Amino acid sequence: MAAVASPRSVPRAFVWRRLHSLTGLWFLIFLLEHMFTNSQAAIFFGASIPWFVNSVNFLHHLPYLPLVETLLLGVPMALHAIWGVWYMFTAKSNAVGRGGKSPHLKYERNKAYSMQRITAWLILVGIIFHVAQMRFIMYPVKQHMSKHSEAFGRYKVDSNLYKVATQLGVTVYGSAAIDAEKQKLSSLKNKMSLVEKRKNDLGDAGVYDKEKEEIYQNIATLQDQEKLVAGLTHFHLAKDQVVIASKKSADLILLNVRQAFQSLWMCILYTVFVLAAVIHGCNGFWTFCITWGLLLSKKSQNSWVHFSYGLAFVMVALGSLAIWGSFFFNAGIHG
């Protein structure tokens with residue numbers, strides 16, 4: 001009786017490499033969207049068009065946003081990063097000579113292979129820095145009021161800040177204004193003792209009462225004032241800093257972009273990150289098309305190189321507009 005050969009299972013490394021390739025494509029798509037959205041910040045500073053605010057508000061009003069961010073951004077990027085770190089530690093570059101100790105080839109693809117690993121390190125550092133800065137350190141603090149949510153952020157005062165704040169329609173609080181809100185809260189608390197006593201006198205009978213409605217409105221006003229003061233006092237302010245409050249988180253994110261790109265060194269640092277991300281993403285896109293059998297002939301592969309160059313140019317232009325457009329329009333250089 002002839003033996004039946006058992007089917008060979010797909011190697012685990014093959015599956016991981018394919019997942020790494022797919023998540024890399026997803027990273028490129030997100031990167032293109034992210035740069036396009038951020039480039040609109042410079043357009044706002046230059047022409048007062050609220051595209052950036054509208055785009056970010058749209059994203060922030062998506063249902064189940066934390067779940068969406070985790071599943072569509074966090075998990076794919078974590079998978080790509082984990083396998084990518086393994087690549088970075090095990091890869092052996094052969095595009096640069098090492099004093100005759102190892103052979104090297106000066107072909108373009110060997111150089112691209114080496115560049116892919118170098119840019120991966122830069123991206124890893126850049127993403128950690130960017131997320132820590134924009135998503136945690138500078139991210140607006142939210143307070144949920146009775147009828148709306150209010151976002152709060154801390155900003156350094158400069159000659160153009162009040163002009164931008166007026167354009168956005170946000171409220172600026174200096175130390176004196178914050179003290180006034182704290183005093184207002186103290187006065188409300190003093191009055192609420194009489195309101196609470198009257199509320200207890202009326203009882204909880206299930207009958208509509210106009211006076212009781214006004215009492216609960218007063219209670220809501222006090223609670224809103226408490227949350228307002230909590231948001232305003234969340235930050236320790238230096239003499240040259242203020243707190244800005246807005247019903248739209250996107251307003252404060254725009255101000256965060258503005259504040260970050262007032263620093264020349266921050267602009268240079270982010271430019272390096274953008275260049276690394278674009279080189280890594282576009283070269284990876286070319287490799288993705290070959291890996292998945294989309295580019296089989298030498299002619300199609302050569303043609304797609306030009307497309308990748310064009311895509312890289314567009315992405316660098318968008319990233320540069322976000323960084324340097326914000327810097328020149330609103331860092332006081334032309335103000």
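To be clear, the structure that these remarks concern was listed above.
Analysis parameters
- Sequence order as written defines the numbering, with residues in each chain counted from 1.
- Local features are withheld for residues below a pLDDT of 70 in this predicted model, meaning they are given only at 70 or higher, and side-chain atom pairs are given and counted only at 80 or more; totals for whole chains, interfaces and linings count all residues.
- Only heavy atoms go into the side-chain values, all of them from the structure, while hydrogens and water stay out.
- Strands are runs of DSSP state E lasting at least 2 residues, helices are runs of H or I lasting at least 4, and numbering of each runs from the N terminus.
- Note on contacts: a residue pair is in contact if any heavy atoms of the two residues lie within 4.5 Å.
- Note on aromatic pairs: the rings of Phe, Tyr and Trp (six-membered ring only in Trp) are paired at centre separations within 6.5 Å, and the planes decide the class, stacked below 30 degrees, edge-to-face beyond 60, tilted for the rest.
- The buried label goes to any residue with under 20% of its type's maximum accessible area, the exposed label to any with over 50%, and the partly exposed label to all in between, with areas taken from a 1.4 Å probe on protein chains only.
- Only when the NZ atom of a Lys or the CZ atom of an Arg is both within 6 Å of the ring centre and within 35 degrees of the ring normal do we say a charge sits over the ring.
- Two strands pair under a simple rule: DSSP has to find at least two bridges between them.
- To define axes, lines are fitted to C-alpha atoms, for helices over the stretch in contact only, and angles between the resulting N-to-C directions are given on a 0 to 180 degree scale.
- Under this scheme an angle from 65 to 115 degrees is roughly perpendicular, one under 35 degrees roughly parallel, and one over 145 degrees roughly antiparallel; angles in between are oblique.
- Side-chain classes are defined by residue name, with Ala, Val, Leu, Ile, Met, Phe, Trp, Tyr, Cys and Pro counting as nonpolar, Asp, Glu, Lys and Arg as charged, and the others, Gly among them, as polar.
- Residues form patches when they are more than 30% accessible in relative terms and have no salt bridge. Like charges link within 9 Å. Nonpolar side chains (Val, Leu, Ile, Met, Phe, Trp, Tyr) link within 5 Å.
- Accessibility throughout is a Shrake-Rupley quantity obtained with a 1.4 Å probe, and a residue counts as covered only by protein chains that appear here.
- Every case where a carboxyl oxygen of Asp or Glu lies within 4 Å of a side-chain nitrogen of Lys or Arg is listed as a salt bridge.

J.: It is not clear to me how the side chain of Gln-301 should be interpreted in this structure. Could you clarify?
T.: Inspection of the secondary structure puts Gln-301 in helix H10 (residues 298–330). Once residues lying within four places of it in the same chain are set aside, the contact partners of Gln-301 are Trp-286, Ile-290, Leu-295 and Leu-296.

J.: Whenever I open this one, the packing of aromatic side chains confuses me. Can you help?
T.: In this description, an aromatic ring pair is defined by two values, namely the gap between the centres and the angle between the planes. By the definition in use, this model includes 16 aromatic pairs. Here the aromatic rings of Phe-129 and Phe-273 are separated by 6.3 Å at their centres, their planes lie at 50°, and the arrangement is tilted. With a gap of 144 residues between them, Phe-129 in helix H4 (residues 108–137) and Phe-273 in helix H9 (residues 264–291) connect regions that are remote in the sequence. Residue classification places Phe-129 among the partly exposed positions, given a relative accessible area of 28%. Judged by its relative accessible area of 14%, Phe-273 falls in the buried class. Between Trp-304 and Phe-307, the aromatic rings sit 4.5 Å apart at their centres with planes inclined by 25°, giving stacked as the arrangement. Of this pair, Trp-304 and Phe-307 both sit in helix H10, three residues apart, which is roughly one turn of that helix. Classification of Trp-304 by relative accessible area gives partly exposed; the value is 26%. Three or more aromatic residues joined by ring pairs make a cluster, and in this case those are Trp-16, Trp-83, Trp-86 and Tyr-87. A cation sits over an aromatic face here: Arg-117 above Tyr-87, 5.5 Å from the ring centre.

J.: How do you make sense of unusual backbone geometry when you look at a structure like this?
T.: Among all residues save glycine, negative phi is the norm, and among peptide bonds the norm is trans. Here Tyr-64, not a glycine, exhibits a phi torsion of approximately 55°, which is positive. One can find Tyr-64 in the loop between helix H2 (51–60) and helix H3 (65–90). Overall, Tyr-64 belongs to the exposed group, its relative accessible area being 65%.

J.: How do you make sense of the sheet that holds strand E3 (residues 171–173) when you look at a structure like this?
T.: Within a sheet, adjacent strands bond to each other through the backbone by hydrogen bonds, running parallel or antiparallel. Taken in spatial order, the four strands make up an open sheet running E1-E2-E4-E3, and their pairing is antiparallel. The two strands at the open ends of the sheet, each matched to only one other strand, are strand E1 (141–144) and E3. Recorded for the sheet is a direction-independent mean angle of 30° between the axes of neighbouring strands. With six bridges connecting them, strand E2 (residues 149–156) and strand E4 (residues 241–246) associate as antiparallel partners. Bridge pairing in E4 links Tyr-155 to Val-242.

J.: Explanation requested: the packing of helix H1 (residues 12–47) against H2 in the structure shown.
T.: Between two packed helices, what matters for the description is the angle formed by their axes and the separation of those axes. It is at 7 Å that the axes of H1 and H2 come closest, and there the two elements cross at 140°. Comparing the axis directions of H1 and H2 gives the class oblique. Residues Glu-33, Thr-37, Asn-38, Gln-40, Ala-41 and Ile-43 of H1 form the contact with H2, whose participating residues are Trp-51, Phe-52, Ser-55, Val-56 and Leu-59. The class makeup of the residues in the contact of H1 with H2 is six nonpolar, four polar and one charged.

J.: Before we go on, may I ask you to explain a nonpolar patch on the surface in this structure?
T.: Together, Met-115, Ile-118, Leu-122, Leu-264, Trp-265, Ile-268, Val-272, Leu-275 and Ile-279 make up a nonpolar patch on the protein surface, roughly 810 Å² of accessible area in all. For the nonpolar patch, the secondary structure elements donating two or more residues are H4 and H9. The greatest single-element share of the nonpolar patch, amounting to six residues, is contributed by H9. Along the chain, the position of Leu-264 falls in helix H9.

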